[in-house]
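# Analysis of the macromolecular model
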4 protein chains.
Amino acid sequence: MFGIWGHEKAAELTYYGLHAQQHRGQEGTGIVVSDGETLKLHKGLGLVNDVFKHANFKELQGRAAIGHVRYSTLGDKGTEVDSVQPLLFRSQTTSIAFAHSGNIMNAHALRRELEDSGSILQTSTDTEVLAHLIKRSTQANTEDAIVEALQKIAGAYTFIILKEDKMYVTTDPHGIRPLSIGKIGEAYVVASETSAFDLVGATFEREVLPGELIVISEEGLKSIRFAMREQRKLCAMEYVYLSRPDSDLNHVNVHASRKKMGKELAKESPVEADVVTGVPDSSISAAIGYAEQSGLPYEMGIIKNRYIGRTFIQPSQELREQGVKMKLSPVRGIVEGKRVVMIDDSIVRGTTCKRIVRLLREAGAVEVHVRIASPPIENPCFYGIDMSTKKELIAANNSLDALCEMIGADSLAYLSVEGMEKAIVRDKTIHQGICSACMTGKYPVTVSGE
Amino acid sequence: MFGIWGHEKAAELTYYGLHAQQHRGQEGTGIVVSDGETLKLHKGLGLVNDVFKHANFKELQGRAAIGHVRYSTLGDKGTEVDSVQPLLFRSQTTSIAFAHSGNIMNAHALRRELEDSGSILQTSTDTEVLAHLIKRSTQANTEDAIVEALQKIAGAYTFIILKEDKMYVTTDPHGIRPLSIGKIGEAYVVASETSAFDLVGATFEREVLPGELIVISEEGLKSIRFAMREQRKLCAMEYVYLSRPDSDLNHVNVHASRKKMGKELAKESPVEADVVTGVPDSSISAAIGYAEQSGLPYEMGIIKNRYIGRTFIQPSQELREQGVKMKLSPVRGIVEGKRVVMIDDSIVRGTTCKRIVRLLREAGAVEVHVRIASPPIENPCFYGIDMSTKKELIAANNSLDALCEMIGADSLAYLSVEGMEKAIVRDKTIHQGICSACMTGKYPVTVSGE
Amino acid sequence: MFGIWGHEKAAELTYYGLHAQQHRGQEGTGIVVSDGETLKLHKGLGLVNDVFKHANFKELQGRAAIGHVRYSTLGDKGTEVDSVQPLLFRSQTTSIAFAHSGNIMNAHALRRELEDSGSILQTSTDTEVLAHLIKRSTQANTEDAIVEALQKIAGAYTFIILKEDKMYVTTDPHGIRPLSIGKIGEAYVVASETSAFDLVGATFEREVLPGELIVISEEGLKSIRFAMREQRKLCAMEYVYLSRPDSDLNHVNVHASRKKMGKELAKESPVEADVVTGVPDSSISAAIGYAEQSGLPYEMGIIKNRYIGRTFIQPSQELREQGVKMKLSPVRGIVEGKRVVMIDDSIVRGTTCKRIVRLLREAGAVEVHVRIASPPIENPCFYGIDMSTKKELIAANNSLDALCEMIGADSLAYLSVEGMEKAIVRDKTIHQGICSACMTGKYPVTVSGE
Amino acid sequence: MFGIWGHEKAAELTYYGLHAQQHRGQEGTGIVVSDGETLKLHKGLGLVNDVFKHANFKELQGRAAIGHVRYSTLGDKGTEVDSVQPLLFRSQTTSIAFAHSGNIMNAHALRRELEDSGSILQTSTDTEVLAHLIKRSTQANTEDAIVEALQKIAGAYTFIILKEDKMYVTTDPHGIRPLSIGKIGEAYVVASETSAFDLVGATFEREVLPGELIVISEEGLKSIRFAMREQRKLCAMEYVYLSRPDSDLNHVNVHASRKKMGKELAKESPVEADVVTGVPDSSISAAIGYAEQSGLPYEMGIIKNRYIGRTFIQPSQELREQGVKMKLSPVRGIVEGKRVVMIDDSIVRGTTCKRIVRLLREAGAVEVHVRIASPPIENPCFYGIDMSTKKELIAANNSLDALCEMIGADSLAYLSVEGMEKAIVRDKTIHQGICSACMTGKYPVTVSGE
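Residues numbered from 1 in each chain as written. Chains lettered and ligands numbered in written order. Predicted model: local features only at pLDDT ≥ 70, side-chain atom pairs only at ≥ 80, totals over all residues. Heavy atoms only, no water.

- Going by the annotation in an unreviewed UniProt entry, the name recorded for chain A is Amidophosphoribosyltransferase, with Oceanobacillus polygoni given as the source organism.
- According to its UniProt record, chain A has this under Catalytic activity (unreviewed entry): "5-phospho-beta-D-ribosylamine + L-glutamate + diphosphate = 5-phospho-alpha-D-ribose 1-diphosphate + L-glutamine + H2O".
- Note on chain A: under the UniProt heading Sequence similarities (unreviewed entry), the record states "In the C-terminal section; belongs to the purine/pyrimidine phosphoribosyltransferase family." (UniProt positions renumbered as here; feature names shortened; annotations may be inferred.)

### Focus on the interface of chain B and chain C
- Opposite the 60 residues of chain B that make contact, chain C presents 60 residues.
- Where chain B abuts chain C, roughly 5,000 Å² becomes buried across the two surfaces, and 58% of that area is made up of carbon and sulfur atoms.
- Where chain B meets chain C, there are two salt bridges.
- Between Glu299 of chain B and Lys259 of chain C there is a salt bridge, and its shortest N-O distance comes to 2.7 Å.
- Inspection of the chain B/chain C interface yields twelve residue pairs in polar contact (both at pLDDT 80 or more).
- Those elements that provide at least two residues to the side of chain B that touches chain C are helix H1 (10-20), helix H2 (48-52), helix H6 (195-200), helix H8 (254-268), helix H9 (284-294), helix H10 (317-321), strand E19 (328-330) and helix H11 (332-335) of chain B.
- Top element by residues in the side of chain B that touches chain C is H1 of chain B. It accounts for five residues. (Contact = heavy atoms within 4.5 Å. Buried area = accessible area lost by both parts, 1.4 Å probe. Salt bridge = Lys/Arg side-chain N within 4 Å of Asp/Glu carboxyl O. Polar contact = N/O pair within 3.5 Å; in protein donor to acceptor, adjacent residues only side chain to side chain. Helix = DSSP H or I, 4+ residues; strand = E, 2+ residues; numbered from the N terminus.)

### A word on helix H5 (residues 142-152) of chain D
All names here are of chain D.
- Every buried residue belonging to H5 is among Thr142, Glu143, Ala145, Ile146, Val147, Ala149 and Leu150, and all of these are buried.
- On the buried face of H5, the contacting elements are helix H4 (126-136), strand E7 (155-163), strand E8 (167-171), strand E12 (212-217) and strand E13 (220-225).
- Where H5 begins, one side-chain oxygen reaches toward the backbone nitrogen of Glu143, 3.0 Å away; that side chain belongs to Asn141. (Buried < 20%, exposed > 50% of the residue type's maximum accessible area, 1.4 Å probe, protein only.)

### Overview of the confidence of the model for chain A
- Summing up the model confidence of chain A, the mean pLDDT is 90 and the portion of residues at 70 or higher is 96%.
- Across the whole predicted complex the pTM is 0.85, and at the interface the ipTM reaches 0.87. (pLDDT = per-residue confidence, 0-100.)

### Structural notes on the UniProt feature "binding site: Mg(2+)" (unreviewed entry) in chain A
All names here are of chain A.
- Residues annotated by UniProt as "binding site: Mg(2+)" (unreviewed entry) correspond here to Ser282, Asp344 and Asp345. On the basis of their most widely separated C-alpha atoms, the annotated residues across 64 residues gather in one place, lying no more than 8.1 Å apart.
- Apart from residues lying up to four places away in sequence, Asp344 is in contact with Val279, Ser283, Cys353, Arg371, Ile372 and Ala373.
- Ignoring anything within four residues of it in the chain, the contact list for Asp345 reads Val240, Tyr241, Ser282, Ser283, Ile372, Ala373 and Ser374.
- Here Ser282 takes part through its side chain, which lies 2.4 Å from a polar atom of the side chain of Asp345.

### With respect to the sheet that holds strand E1 (residues 2-5) of chain C
All names here are of chain C.
- Pairing in this open sheet of seven strands is antiparallel, and the strands run E3-E2-E4-E1-E10-E9-E11 from one edge to the other. Here the strands that pair on one side only, and so sit at the sheet edges, are strand E3 (39-45) and strand E11 (203-207). Each strand axis lies, on average, 15 degrees off the axis of its neighbour in the sheet, ignoring direction.
- With four bridges joining them, E1 and strand E10 (residues 187-191) adopt antiparallel strand pairing. The residue bridging Ile4 from the neighbouring strand is Val189, located in E10.
- Relative to strand E4 (residues 64-70), helix H1 (residues 10-20) is tilted by about 25 degrees, and along the sheet it contacts E1, strand E2 (28-34), E4 and strand E9 (180-184). (Pairing = 2+ DSSP bridges. Axes fitted to C-alpha atoms, helices over the stretch in contact; angles between N-to-C directions.)

### Concerning the interface of chain D and chain A
- Every contact between the two is made by 60 residues of chain D and, on the other side, 60 residues of chain A.
- Interface area for chain D against chain A, summed over the two sides, is near 5,000 Å², with a carbon-plus-sulfur share of 58%.
- One can count two salt bridges joining chain D with chain A.
- Viewed at the interface, chain A and chain D are joined by twelve residue pairs in polar contact (both at pLDDT 80 or more).
- Taken together, the elements giving at least two residues each to the side of chain D that touches chain A come down to helix H1 (10-20), helix H2 (48-52), helix H6 (195-200), helix H8 (254-268), helix H9 (284-294), helix H10 (317-321), strand E19 (328-330) and helix H11 (332-335) of chain D.

### Structural notes on the side chain of Ser217 of chain C
Residues and elements named next belong to chain C.
- Looking at the secondary structure, you find Ser217 in strand E12 (residues 212-217).
- Assessed through its relative accessible area of 8%, Ser217 is described here as buried.
- In this view, Ser217 contacts Trp5, Asp165 and Lys166; residues no more than four positions away in its chain are not counted.

### Some points on the side chain of Ser95 of chain A
All names here are of chain A.
- Positionally, Ser95 belongs in strand E6 (residues 95-104).
- The exposure class assigned to Ser95 is buried, which follows from its relative accessible area of 8%.
- Beyond its immediate sequence surroundings of up to four residues, Ser95 is in contact with Leu39, Leu88, Phe89, Arg90, Leu162, Lys163 and Glu164.

### A word on the packing of aromatic side chains
- A complete count under the given rule lists 32 aromatic pairs over all chains for this structure.
- With a centroid separation of 6.0 Å and an interplanar angle of 15 degrees, the aromatic rings of Phe52 of chain A and Phe57 of chain A are classed as stacked.
- On the basis of relative accessible area, Phe57 of chain A is assigned to the buried category, the value being 13%.
- Between Tyr15 of chain C and Phe52 of chain C the ring centres are 6.2 Å apart and the planes differ by 75 degrees, which places this aromatic pair in the edge-to-face class. Taken as a pair, Tyr15 of chain C in helix H1 and Phe52 of chain C in helix H2 (residues 48-52) lie far apart in primary sequence, 37 residues in all.
- Given the relative accessible area of 1%, Tyr15 of chain C is considered buried.
- Aromatic ring contacts, followed pair by pair, group Tyr15, Tyr16, Phe52 and Phe57 of chain A into a single cluster. (Phe/Tyr/Trp six-rings, centres within 6.5 Å; stacked < 30°, edge-to-face > 60°.)

### Brief notes about the sheet that holds strand E20 (residues 339-344) of chain C
All names here are of chain C.
- With respect to topology, four strands assemble into an open sheet ordered E17-E20-E21-E22, the strand pairing being parallel. Edge strands, defined here as strands with exactly one partner in the open sheet, are strand E17 (275-278) and strand E22 (411-414). Within the sheet, the average angular offset between the axes of one strand and its neighbour, ignoring direction, is 20 degrees.
- Pairing between E20 and strand E21 (residues 367-372): six bridges, direction parallel. Bridged to Ile343 within E21 is Arg371.
- With respect to the sheet, helix H8 (residues 254-268) is in contact with E20, E21 and E22, its orientation differing from that of E22 by roughly 125 degrees.

### Topic: the domain arrangement of chain A
Residue and element names in this part refer to chain A.
- When its domains are assigned, chain A resolves into domain 1 (2-230) and domain 2 (237-440).
- Taking the mean C-alpha position of each, domain 1 and domain 2 sit 32 Å from one another.
- On the domain 2 side, the residues contacting the 27 residues of domain 1 number 19 residues.
- Interface of domain 1 and domain 2: buried area, both sides summed, is about 2,000 Å²; carbon and sulfur atoms make up 53% of it. (Domains from an automatic or database assignment.)

### Let's talk about the pattern of salt bridges
- Applying the stated criterion across every chain, the model contains 92 salt bridges over all chains.
- The shortest N-O distance in the salt bridge between Arg24 of chain B and Glu238 of chain B comes to 2.7 Å. Highlighted residues: Arg24 of chain B in the loop between H1 and strand E2 (28-34) and Glu238 of chain B in helix H7 (residues 236-242), separated in sequence by 214 residues.
- Judged by its relative accessible area of 0%, Glu238 of chain B falls in the buried class.
- Between Arg244 of chain C and Asp246 of chain C there is a salt bridge whose closest N-O contact spans 2.8 Å.
- Judged by its relative accessible area of 8%, Arg244 of chain C falls in the buried class.
- Accessibility expressed as a relative area gives 1% for Asp246 of chain C, which makes it buried.
- Via salt bridges that share partners, Arg24, Arg177, Glu193 and Glu238 of chain A belong to a single interconnected network.

### Considering the relation of the copies chain D and chain A
- For the match of chain D to chain A, the screw axis carries a shift of 0.0 Å, the RMSD comes to 0.0 Å, and the turn is 180 degrees. The transformation just described matches what one would write down for a two-fold rotation axis. (Least-squares fit on C-alpha atoms with pLDDT ≥ 70 in both.)

### Quick notes on a positive patch on the surface
- A surface patch of positive charge is lined by Lys53 of chain A, Lys53 of chain B, Lys53 of chain C together with Lys53 of chain D.
- For Lys53 of chain A, the position within the fold is in the loop between helix H2 (48-52) and strand E4 (64-70).
- Its relative accessible area of 40% is what places Lys53 of chain A among the partly exposed residues. (Patch = residues over 30% accessible without salt bridge, like charges linked within 9 Å, V, L, I, M, F, W, Y side chains within 5 Å. Areas by Shrake-Rupley, 256 points an atom, 1.4 Å probe, with all protein chains shown as cover. Lys, Arg positive; Asp, Glu negative; His and termini not counted. Charge placed at Lys NZ, Arg CZ, Asp CG, Glu CD.)

### Regarding the packing of helix H3 (residues 107-116) of chain C against helix H4 (residues 126-136) of chain C
Residues and elements named next belong to chain C.
- In the contact formed by H3 and H4, the axes pass within 10 Å of each other and the chain directions differ by 45 degrees. With respect to each other, H3 and H4 are oriented oblique. The interaxial crossing formed by H3 with H4 has left-handed handedness. Residues Ala107, Leu110, Arg111 and Leu114 of H3 form the contact with H4, whose participating residues are Asp126, Glu128, Val129, His132, Leu133 and Arg136.
- Of the residues contributing to the contact of H3 with H4, the split by class is five nonpolar, one polar and four charged. (Parallel < 35°, antiparallel > 145°, perpendicular 65-115°, else oblique. Left-handed = near helix turned anticlockwise from the far one by under 90°. Nonpolar A, V, L, I, M, F, W, Y, C, P; charged D, E, K, R; others polar.)

This is how it looks when you write it as structure tokens:
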């Protein structure tokens, strides 16, 4: 998500801000811009470049804008353009647009209530639920209506809401999903990842706090607390693989935390080997850390093909069996005859990991030791990451030895939860907690019956 | 609009059915298909070909489908993809999709009521109003809820509504907009124009009657009357220019009616001239009729350029002034030195007519007599044609002489209302009335305060 | 083909000029522009709009340009972009570009000679043969080299040749293919069809004469005669179906000539019937003429679907068999219960004609009388029309009665050669002859062994 | 370049082989396939994906194919589709296609000779010169004609030539440009980079030797020597930045050589600093080597934005000045307050280097020490790399101190030629020489007057 308030080029900067966060969702994207009087929307299915190549930014004039890149999760499947955010709701007197990241856990119950009292929900998105709750609120002003609505929903979320004359920015009471505020001159910017600030020339100001609703208007920022202060529970997977390495989360740089995870992993699970290599792109930092700690050389043992896009013609099954590779290829000149430590950031379903081990062996590696720079994922995520059932999580259903055999490695080790926390959490204050429910099963938010 | 019930290739046939009616709306298009259990939607901005070139018809499986091509009118402006129909509304238990043509005159009042009682309307379409009225109905079954909702709306409309297991087809109590039913084998098809039946290999069965709601399901057709029987008031402009010449409306072929209008026009307003020509494509039939009646030769004095599409590079102002033509060009070899009768179907704003008169003169016509094959349009349309204010209607604000001078013609004459009726109405029964409110000011439906 | 000399917007006007002649070739297109010092080329496969939608006209600056739309014929098959014209040949000192229409009959022999003496021909186009002949000429200046080369080739052709500082325009000694010269202000334009002049705001000056080479440069026009004066033998098929109705050929308007062919046909082969209809678009003029002469009403019995483009999804065989139509559809409301005279411009392979007769019957026509507004085509064309073997010409291999049965008509008649000549040739001078070899077998140019 | 002989899926595998080498040229691409009887060509401007997204591989059937990705150099500018390779020449009896990489130094003189004797060259490519030389050869068979032609040309080149029944593969007498042979089952494959073998599932067999012409046919491989054995002079820039890190050149892995260059650089030019970072993607290997040798941590201080494609909307000058970044962005969390060693692979014009130094300082780096992992480039390349004049080479025209100031670094150092050779050349045999003319001015091939 990205938002900007008070800049002549609001829509264009949102385009660049979404671009910087394209890795967070590739299914669809949209921008809503306000010129102070009306809201205008441009959205579509596909990448930011594809959706906006025909957009006329002259028609998207205005000093405030919000944008979104779509990533399907639990409560929010489907590839229809109606579900692409931001969602824009127009009434006769006013309009309101919503961008949302995360997952509302009691969405089903809330939907049922809303529908039973006559509301029509057009999409399967959680976002729409909040819009209806706000509309149904008896509060006189939007601010209070939003607070009332937020108090009814449970889950992990961040919202950016745009009206003609105000922008509302909020994070759930545990701050599970990240959202930060920056400035470009006098203009405010909001983004899921701080790397978007760097790309649009903004400076980081601060994170949106758990349970905080920030109202941005011509009067500047106003902070409202809508929930009791609780310990921050920032999603550990943001560090493990979701965020860009150049983003800072909770004042901790993502690349740096990954490298530390690699170092901790090297301390916990050393192995006698010749080279260390990482799966591009997200495991490179951890691999460098492992190499640095272990004293083994880091080498580029696996290469990612850069030119694969939407028009790439997938090789037929026959050609794939004959050895035609697509996205990743091993570097024979580096791994041949070597004992390789292969660092991966995590294992969800195990298919990629298994494939890479096989590629490395085919390229001549004599031993392949897999080291995972995060703890085993044994529990589903209800907070917005696409791992929703225990059944699909390979680590939940297999012992370490069985898993090692399944992926075909000579040895397999995961980073411990303690090791991960050492790498991510600088000092254990109320601000610094992380959510590692998918690894530990300790869920910060639960909803009965869901 | 197009709908089909009970055919294996429902979505594909809807594609061809929409294609046949592309001239009725070029802004956007969509198809909703039902496989008996769920509804699936594919829609987008642009022509039918553009929107469906990447569609995967394998994913649009089902035996029932409805489709729509979008044309902006009064209450329904905007080029956002959200407003493209069919609109699909999903609740936890069921789904419903709407395709609508026409204009609901009390939409504003109904919206206000709905919004005041907590509903959120996401689009500016009238369609959505009906959806909310149905949802809010206290009737137990959908059929009754639709009847209750239809009884609250006033205006000119046709709807095709699709649920998982039923299709509902309806026309307003005056039957202002056309809608017909046909069959392909055992399957039912519904279309705004009968020409769509010919293109998909269907046979015409009958028109949907004014104030009739037809329910199509596995049990076959069921007809419900939701309004008192009143005289049919089919939109005259459908004959004048909107429909394809190969369509039949009220059992009268459109080409034939246009040709008769041309003949009546020749009787009413003859002129001494050398050739008769018509503005392609919609005025050709009338021009042929005028020629036949007058004994003057019909000639192709104006040609339409066929290859202009969306990627056509518009000539700059400079080049246009140097004489670069785009869509229409006069045929010098035919009009040079000739006294030309130029037949046009109608005059709305007058700009096209003026331009063609100038082109004919530049190509050497010594006299240009303009004959309009319909009466002057002096009143706005509230029933779905894009002529919404009196201000823009050139005939409402100028005398015939002034108008003749404005368009630069040597003489100008319109067809009389009587002449038009002779050409369209076969026998004056309850079934055969037409709405000519834009010419006569006699509105069949009025809503106070709108 | 289109060319322009002496205009600031040479490339853009060529774009519009090609657009106007798109019907002459849809396989590929290109433009070469000269800024006085270098030649620049942009070309590609597809329609003018498609090829130039990404073209940067700012990079195609220059005051002279030539362009071409490609249509495959006898000696010139293949869909490789290399064969798309204009062909541009660069040497170290100068460049030269060629656009060509027609067919060189001794191309094979000339190619063999050229290849035997060490030349490499990169394309299968006749155009390249001329380029090599010019290069191999011992003449000192380009003008003389072109004359020498032209004297070696036999066939039907028009060429527009562009060098940095000169344009050369020529027609074969019989003037089989048309080429005209016009002016926009001080600029000269050249086009295969005069309709292109109208569309770019140019005025017609004169036709390029048989055996004439015109050199256009800063000094104006210069005319050179490279062959003995012979009677003009303009291709009759240009009148019959190839040219646009708004073009003039040899000072005869194409629509007017087609209408006269229809009239002559009505005189020669009248029939008792109810309506006359024509196959759109090229047979409409003749049908109107037939109707006018016979006193029968002309009706729009067959409609052409306008929105079929390159992205149109062709109906499957199954759907076609169920009656899904594509390009042409009959108008039931007009033909049902009627005796129909169906006018077609010509019959080559007979498949289209047969299909339309069937469509008319399915739509309820009780009789279908086919009248062809040109004589039977019984001989192949060696001059640039794609009918190259006798085998494929249905009229060459069947009696009139057999043919009538094959296409399923109640009666069938062709226009006589005399009737056609009456309609095309105003007065039988040396300028006014036509080539009707495909009908009469009298070939104006022959080459032994080909 | 890529070629394959003896595989059912020749064209498809060539597509994947070109894909793997897309980094070697992005301007255009093409494939020629032979089915034993005819050659077929598909080519166009743009990336492999763009050009082949509409290609019908069913029409590109055959068991032999060659392909090319185009990169403009010295003798070969221009973005016209005619110049995109492979070039296909058809005569009446046979066809021949050429793919070429490198630069023929005496091309101008050879062109002049060819043109003077009547040949027409259609493109500005060197490739065409070879085609004409072969055609003009008096030798009876193609093999001998190719040898005769090769003996006339001087320069750095590799060719893959395809006839209906044979493929010819060759490298210049010094082997300046790389070309290797591999196998997939019984099929032979040829590629500029060995990484293409890995991606199509082929195994490396051997490099094509300097001055060797290999003929591949149904009889298998046949090797012909057309030039005296000389020391291999493989282009050093292939190691420095041109090749993929997963390619092997002369049995030396490119990533490994780059890492060694980084290590040598650390030995030669150490610096007291906090972190080492590299410019993605080509300088990462060297940066890791520098870090490993120096004991400083390697960090991801600069990030490359992955989603920039052809439809990316470039930021306006105004937005760029406000800090909107495009391709590369610094990682504030890593470089802030740090002394940074920034490793770049080479400096040609200096603009990129200067920009990155500025970005790092803006992101808070307190010192920026630039270390270049190759020697200064002070001489133009005549062998196929796009650095053709001394004027544009910043190192040729400035002292080290001046250069350091120009790019805004705190210190600047280059790797020595000896250091580079240590990293690339395993043992100084006749096979192992490199061409470092752009650094040393020692040109292995010279042509008087060019």
